[in-house]
Amino acid sequence: MPAAAELLRHPRRRHVSLALGAIAVLLTLAFAVPVGWSWWQGKQAQVSLEQAIVALQDEDVDTAREHVEDARAYADRGIASRHGLLGVLWRNLPVLSAAADDAVRMADSVDDLTAVAEAAMAVYPQISGDEGRLVTDGKVDLDLLDDVLGSFDEVEGRLADAHASLAAVEADAPLLGSTIAELRHDGLAGIRPVRRGMKTLAPIVDVLPSVLGSRGERDYLIAILNPAEQLFSGGTPLTFTPMSVRDGRIEMGEPQDTATHGVAFQPRFWPKVKGNPFHHGKLRIGTATFAPDWSVSGEEALRAWRSLRGKQMDGLIAIDVMALRDLVAITGPLDVPHYGEVSADNFVQVLIGNYDAIPDYRVRHQINQSLVPIFRDRFFRTGQFVEKFQAVRASARGRHFAVYLRDPAAQAAFSGLGLTGELSDTRHDYLGVFTQNAVPSKTDYWQNRTVTSDVRLEPDGSARVTTTTQIHNDSTPYPFEGPDPREGYSTRFATLSIGQFLPKGVRNVQARVDGEKFVPTLNDFYGRPFVRRTVAFKPQETRDFAVAYDVPSAALVKNGKLVYRLDIDPQGLVRPSAISVSVHLPRGYEPVDLPPGWIELDEDTVAWGGAALVEGQSFKVRTAEGG
């Protein structure tokens, strides 16, 4: 007989069933209301904080502040609920009482995270937007900077408290444990990257005032780089300018174009940086920066400057035309001699891609010297400090901007932010392809480069790697009458020293140019081997440079698992290099949790790549033996 009919025949059973159902509903509510209320308050606070971040990214400070205020209201209600009726339910009802301590910890963590956002909102308007007063017309407000840095300790402390509260959540209450564990996991996952970021920033807090002259004058050399004429470090320096900083006041010296100032252009001796394989005999200051790592090239440039001017400098700032363009995109169009108003849209093409329109070298040098005021006036003008810092940091990731400081603590602090232009020091697989303009010209403006790496991984973690670099000299037709001079501003011919920097410990290195083998010389750059070859390119010619090698430790091996590790350094080209990496797994292995951007090509091959290598990359590709 159906259950409903049975209940109709026995009213007493029906009443008992209804009573039991009501009790079940009440118990469900008794459990669900406190859990749901507390979860909802914490979730709403989280959503409000995420909305505040989005608003700040859109430079809408008022809306961001409103979202943070909402988050505070939710956090306060979550705290208050611990001491009201819901708190009593948590402490006294069966099942819920076992989760009472966890509820307090989670509410405390939301309170701490909201306090972090409030501290950020108190500081952010002072350092960002048009009204930001941290930097005003070439003067850093050190008192305001002190306030900003002072809030760092409070933020760091509240983040540590939030992390400790969540880490202490036990999530062992009956019925509720899995829900609480999920909330704990999500909270910790959100806090960890923020704490890592704070750890990265901590050294800057200690050194930044001194770098800005709070303890006495600091002298720096500004180098403006031309990415149309590449060295392994990036563009060739166009112009050098001394800059002094004292008590936050920034003073720029006279720009000195390396071609206009004859004494600076002449080869000369200075003490080489120990171990630098690119310093041989006399050099010009414009070619002091051959080394791909700016901790070496920066020191070489400072020694060259002292040999010329007798002045010991505290550091160097290298910035190329691409990075200047990104500053102009933030701060607006400007006037350039000979051209008039120039915007971010045509900045690069006008300044380094249009030499044919400026046959007079004196005008070209005048334009070169105008680049330093662009950096000074745009980076150190009033307002938008955060936006400009974000722009140069992005430029640094693409090796268009670098800072070298002779003070070890300051250099380490800026290195932690990725601003120092150093090569990766990984001991696993590594990919770094750089070209150097062997015959002076501006043809790197048209360079199109594609790098393809084919990795055959072995069960012992070793790999055989074949890397092919294809370079297309995509130059326009020679625009003048008579033969192409094959060097200088107007030539369409290119002669490039192609250098591939290899993983540490490589063996069995073989190399080809356009399929023709040559015996490579394995050179050393502070423990990192490299191979290079000079290759000439006609206009519109494409040539291939291929290097094959064994990597002993391409992957970590443990308990039937292989973790392939690869670091890639870019070069600061006008047209970023295209790149493709394919990893063939050993028989029986399969990928586990591929990094973002990686795909499975087939059951034995995973790959990553793209049309533009715009920043350095570091990957861990996890694989395991299949079941």
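Our subject is the structure listed above.
No experiment lies behind these values; they were computed from the predicted model shown.

1. Describing the environment of Val-328
With respect to the element layout, Val-328 can be found in helix α10 (residues 321-331). We classify Val-328 as buried; its relative accessible area is 2%. A C-alpha to C-alpha distance of 5.6 Å links Val-328 and Ala-344, two positions 16 residues apart in sequence. Discounting chain neighbours no more than four positions away, the residues touching Val-328 are Pro-333, Leu-334, Ser-343, Ala-344, Phe-347 and Ile-374.

2. Some points on unusual backbone geometry
Across residues other than glycine, the phi torsion is negative in most instances, and most of the peptide bonds are trans. In this structure, Asn-508 takes a positive phi of about 50° despite not being glycine. Within the secondary structure, Asn-508 is located in strand β15 (residues 507-513). For Gln-540, which is not glycine, the phi dihedral falls at a positive 65°.

3. Regarding empty space enclosed by the protein
This model, assessed by the stated rule, comprises five cavities of 30 Å³ or more. By volume, the largest cavity amounts to about 90 Å³. The element best represented in the lining of the largest cavity is strand β11 (residues 429-437), accounting for three residues. When grouped by side-chain class, the residues that make up the lining of the largest cavity number eight nonpolar, three polar and two charged. Reported here for the second largest cavity is a volume of approximately 60 Å³. In terms of lining, the second largest cavity is formed by Ile-352, Gly-353, Asn-354, Tyr-355, Asp-356, Lys-442, Tyr-445, Trp-446, Tyr-489 and Arg-492.

4. A short note on the packing of α10 against helix α13 (residues 385-397)
In the contact formed by α10 and α13, the axes pass within 9 Å of each other and the chain directions differ by 155°. Judged by the angle between their axes, α10 and α13 are roughly antiparallel. Crossing handedness for the pair α10 and α13: right-handed. Of α13, the residues touching α10 (which contributes Ala-323, Asp-326, Leu-327, Ile-330 and Thr-331) are Glu-387, Lys-388, Ala-391, Val-392 and Ser-395.

5. Things to note about the nonpolar core
Met-243, Leu-324, Phe-347, Ile-352, Leu-371 and Phe-375 are the most contacted members of the largest nonpolar core, which has 64 residues in total. Apart from the residues lying within four places of it in its own chain, the contact partners of Leu-324 are Ile-224, Ile-319, Phe-347, Leu-371, Ile-374 and Phe-375. Of all hydrophobic cores here, the second largest spans 41 residues; its members include Val-581, Val-583, Tyr-589 and Trp-598.

6. Overview of the packing of aromatic side chains
As enumerated under the stated definition, the model contains 15 aromatic pairs in all. Ring centres 5.6 Å apart and planes at 80° place the aromatic pair Phe-232 and Phe-278 in the edge-to-face group. Within this pair, whereas Phe-232 is found in the loop between β3 (218-231) and β4 (234-246), its partner Phe-278 is found in the loop between α8 (262-265) and α9 (294-309), the two being separated by 46 residues in sequence. In this structure, Phe-232 and Phe-278 share a single accessibility class: buried. Here the aromatic residues Phe-232, Phe-278, Phe-434, Phe-501, Phe-525, Tyr-526 and Phe-530 are joined through ring pairs into a cluster of three or more. The residue whose ring lies beneath Arg-309 is Trp-305, and the NZ or CZ to ring-centre distance is 5.5 Å. The ring centre of Phe-493 lies 4.0 Å from the NZ or CZ of Arg-486, which sits over that ring.

7. Looking at the pattern of salt bridges
Inspection of every chain in the model, using the stated rule, returns 11 salt bridges. Measuring nitrogen to oxygen at the nearest pair gives 3.1 Å for the salt bridge that ties Asp-550 to Arg-464. Of the two residues, Asp-550 sits in strand β19 (residues 542-551) while Arg-464 sits in strand β13 (residues 463-473), which places them 86 residues apart along the sequence. Take Asp-550: its relative accessible area is 25%, and that puts it in the partly exposed class. With its nearest N and O atoms 2.7 Å apart, the salt bridge here joins Arg-543 to Asp-514.

8. Quick word on the pairing of strand β18 (residues 528-537)
With eight bridges joining them, strand β14 (residues 494-501) and β18 adopt antiparallel strand pairing. Bridged to Phe-501 within β18 is Phe-530. Relative to β18, strand β17 (residues 523-525) is paired through three bridges, and the arrangement is antiparallel. Note that in β18 the partner of Phe-525 across the bridge is Arg-528.

Here is what the cut-offs are and how they apply
- Residues numbered from 1 in each chain as written.
- Predicted model: local features only at pLDDT ≥ 70, side-chain atom pairs only at ≥ 80, totals over all residues.
- Heavy atoms only, no water.
- Helix = DSSP H or I, 4+ residues; strand = E, 2+ residues; numbered from the N terminus.
- Buried < 20%, exposed > 50% of the residue type's maximum accessible area, 1.4 Å probe, protein only.
- Contact = heavy atoms within 4.5 Å.
- 1 Å grid on protein atoms, 1.4 Å probe; cavity = no way out; pocket = protein on both sides within 12 Å on 5 of 7 lines; lining within 4 Å.
- Points joined across faces, edges and corners; volume = space filled by probe spheres on them.
- Nonpolar A, V, L, I, M, F, W, Y, C, P; charged D, E, K, R; others polar.
- Axes fitted to C-alpha atoms, helices over the stretch in contact; angles between N-to-C directions.
- Parallel < 35°, antiparallel > 145°, perpendicular 65-115°, else oblique.
- Left-handed = near helix turned anticlockwise from the far one by under 90°.
- Core = buried A, V, L, I, M, F, W, Y, C linked by side-chain atoms within 4.5 Å.
- Phe/Tyr/Trp six-rings, centres within 6.5 Å; stacked < 30°, edge-to-face > 60°.
- Lys NZ or Arg CZ within 6 Å of the ring centre and 35° of its normal.
- Salt bridge = Lys/Arg side-chain N within 4 Å of Asp/Glu carboxyl O.
- Pairing = 2+ DSSP bridges.

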